[in-house]
Amino acid sequence: RAILHRLVENLGLVPRGAVAAHIDGLAPAARKRLAALGVRIGRVGVFLPGLRGARSVALRVLLASVHGRDRSEARARLDAALRKMPPALAKPRGIPAAVFNGAGYLALDGRALRIDAAERLAEQAAVLARQGPFVPTPSLARSTGIPEAMLAEALKGLGFVSEKISRNGGEG
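All values reported here derive from a predicted model rather than from experimental measurement. For every chain, the first residue of its written sequence is number 1, and the numbers climb from 1 along that sequence. It should be noted that, the model being predicted, local features are given only for residues of pLDDT at least 70 and side-chain atom pairs only at 80 or more, the latter also being counted only at that level, while totals for whole chains, interfaces and linings use all residues. Each side-chain value is derived from all of the structure's non-hydrogen atoms; neither hydrogens nor water enter the calculation.

Focus on the overall build of the chain
Just so we agree on the cut-off: Each helix is a run of DSSP H or I of at least 4 residues and each strand a run of E of at least 2, with the numbering of both proceeding from the N terminus. Between the two quantities, the radius of gyration covers C-alpha atoms and the globule rule is 2.2 Å times the number of residues to the power 0.38. Buried, partly exposed and exposed residues are distinguished by accessible area as a fraction of the type maximum, computed with a 1.4 Å probe on protein chains only: under 20%, between the cut-offs, and over 50%, respectively. Note that accessible areas follow from Shrake-Rupley with a 1.4 Å probe, and for residues the cover is restricted to the protein chains shown. In this charge count, Lys and Arg are treated as positive and Asp and Glu as negative; neither His nor the chain ends contribute. Charge positions are represented by NZ for Lys, CZ for Arg, CG for Asp and CD for Glu.
When helices and strands are tallied, the chain shows 9 helices and 6 strands. What you see for the chain is a C-alpha radius of gyration of 17 Å, in line with the 16 Å of a compact globule of 172 residues. Taken over the C-alpha atoms alone, the chain extends approximately 55 × 45 × 25 Å along its principal axes. Counting over 172 residues, the chain shows a buried share of 35%. Total accessible area on the chain stands at roughly 10,200 Å², and carbon and sulfur atoms take up 56% of it. Distance from the positive charge centre (27 side chains) to the negative charge centre (13 side chains) of the chain: 6 Å.

Comments concerning the nonpolar core
Considering soluble globular proteins, one finds that nonpolar side chains tend to be buried as a cluster. Test applied: In this text, buried Ala, Val, Leu, Ile, Met, Phe, Trp, Tyr and Cys residues form a nonpolar core when linked through side-chain atoms within 4.5 Å. By the convention used here, residues are in contact when the closest approach between their heavy atoms is within 4.5 Å.
By size, the foremost hydrophobic cluster in this structure holds 21 residues, and its most contacted members are Val44, Leu106, Leu113, Leu121, Ile146, Leu151 and Leu158. Secondary-structure elements contributing two or more residues to this core are α7 (115-130), α8 (138-144) and α9 (148-157). In terms of residues, this core owes the most to one element, α7, which gives 6 residues. Excluding its chain neighbours within four sequence positions, the residues that come into contact with Leu158 are Val44, Leu106, Leu108, Leu113, Ala118, Leu121 and Ala122. Leu89, Ile95, Ala103 and Ala112 belong to the second largest nonpolar core, which has 12 residues in total.

Concerning the pattern of salt bridges
Side chains that carry opposite charge are capable of pairing whenever their charged atoms lie near each other. Filter applied, for reference: Criterion for a salt bridge: a side-chain nitrogen of Lys or Arg within 4 Å of a carboxyl oxygen of Asp or Glu.
Within the structure shown, the criterion is met by 5 salt bridges. Across the salt bridge formed by Glu153 and Arg111, the nearest N and O atoms sit 3.5 Å from each other. Residue Glu153 is located in helix α9, and its partner Arg111 is located in strand β6 (residues 111-114); the two are separated by 42 residues in the primary sequence. The salt bridge partner of Arg120 is Asp116, with a shortest N-O separation of 3.4 Å. One end of the pair, Arg120, and the other, Asp116, are both in helix α7, 4 residues apart, so they sit about a helical turn from each other. Asp116 gets classed as buried once you look at its relative accessible area, which sits at 14%. When salt bridges with common partners are traced through the structure, they connect Arg114, Asp116 and Arg120 into a single cluster.

Regarding the packing of aromatic side chains
To keep it simple, the criterion reads: Each Phe, Tyr or Trp ring, with Trp reduced to its six-membered ring, pairs with another whose centre is within 6.5 Å; inter-plane angles below 30 degrees give stacked pairs, above 60 give edge-to-face pairs, and intermediate values give tilted ones.
One pass over the full model with this rule turns up 1 aromatic pair. Ring centres of Phe134 and Phe160 lie 6.4 Å apart, and the angle between their planes is 75 degrees; this geometry places the pair in the edge-to-face category. Separated by 26 residues along the polypeptide, Phe134 in the loop between α7 and α8 and Phe160 in the segment after α9 bring together distant segments of the chain.

As for the sheet that holds β6
Going by this rule: Strand pairing is defined by DSSP finding a minimum of two bridges between the two strands. Axes here refer to lines fitted to C-alpha atoms; in helices the fit is confined to the stretch in contact. Angles between the N-to-C directions go from 0 to 180 degrees.
The antiparallel open sheet is built from 3 strands, whose spatial order is β4-β6-β5. Two strands close off the open sheet at either side, each with one partner strand: β4 (88-90) and β5 (105-107). The sheet shows a mean angle of 25 degrees between the axes of neighbouring strands, taken without regard to direction. Strand direction decides the pairing type here: β5 and β6, joined by 3 bridges, are antiparallel.

Here's the deal with the sheet that holds strand β1 (residues 13-15)
Within the open sheet, the 3 strands sit side by side as β1-β3-β2. Their pairing is antiparallel. The two strands at the open ends of the sheet, each matched to only one other strand, are β1 and β2 (40-41). For β2 and strand β3 (residues 45-47), the ladder comprises 2 bridges, and the chain directions are antiparallel. Along β3, the bridge assignment pairs Ile41 with Val46.

Focus: empty space enclosed by the protein
The condition that has to hold: In this analysis, the protein atoms alone were mapped onto a 1 Å grid. Cavities are point sets where a 1.4 Å probe fits without being able to get out; pockets are open sets with protein on both sides within 12 Å along at least five of seven lines; lining residues have an atom within 4 Å of a point. Grid points are joined across faces, edges and corners, and a volume is the space filled by probe spheres set on the points. Only Asp, Glu, Lys and Arg are considered charged in this grouping, and only Ala, Val, Leu, Ile, Met, Phe, Trp, Tyr, Cys and Pro are considered nonpolar; every other residue, Gly among them, is considered polar.
Taken as a whole and judged by the stated rule, the model has 1 cavity of 30 Å³ or more. Approximately 80 Å³ is the volume found for the largest cavity. In this structure, the largest cavity is lined by 13 residues; those nearest its centre are Leu51, Arg52, Arg60, Gly104 and Ile115. Residues of the lining of the largest cavity, tallied by class, amount to 8 nonpolar, 2 polar and 3 charged.

Structure follows, in structure tokens:
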């Protein structure tokens, strides 16, 4: 119930770390019940995939805006950007992570990733990391929809660590 409560409270997306203890304690039957309710427990978030549609996002952005009572020009621009549902966008300072979560975005350091893009990136990066150190490539950017310029920072925000490589090819 705690996971469902957090999902309702956060308009359909909770970063996995915020409910990790609850997830770890779930019995297999409870996991099946959550799945039957449409809850997805992903690598980086717990969310309701059924809420990813444009109308749902627009309504949740409106609810978050009304709740926050923020009528600033910056907030209006952010709300308009969220309604377009890009896979990734810059996260303005001073905007709470809950605003992004409510619109279906995972808030990271300086970036916000749409949850489906964040999950794809985390999954593909985990596969690559099991093979050893990897370099973010244009194909990784294309497959996740995340702009290549944001990829390294997004990976860092998801917990992947950058390694420095010296000019002679060795680790530095």
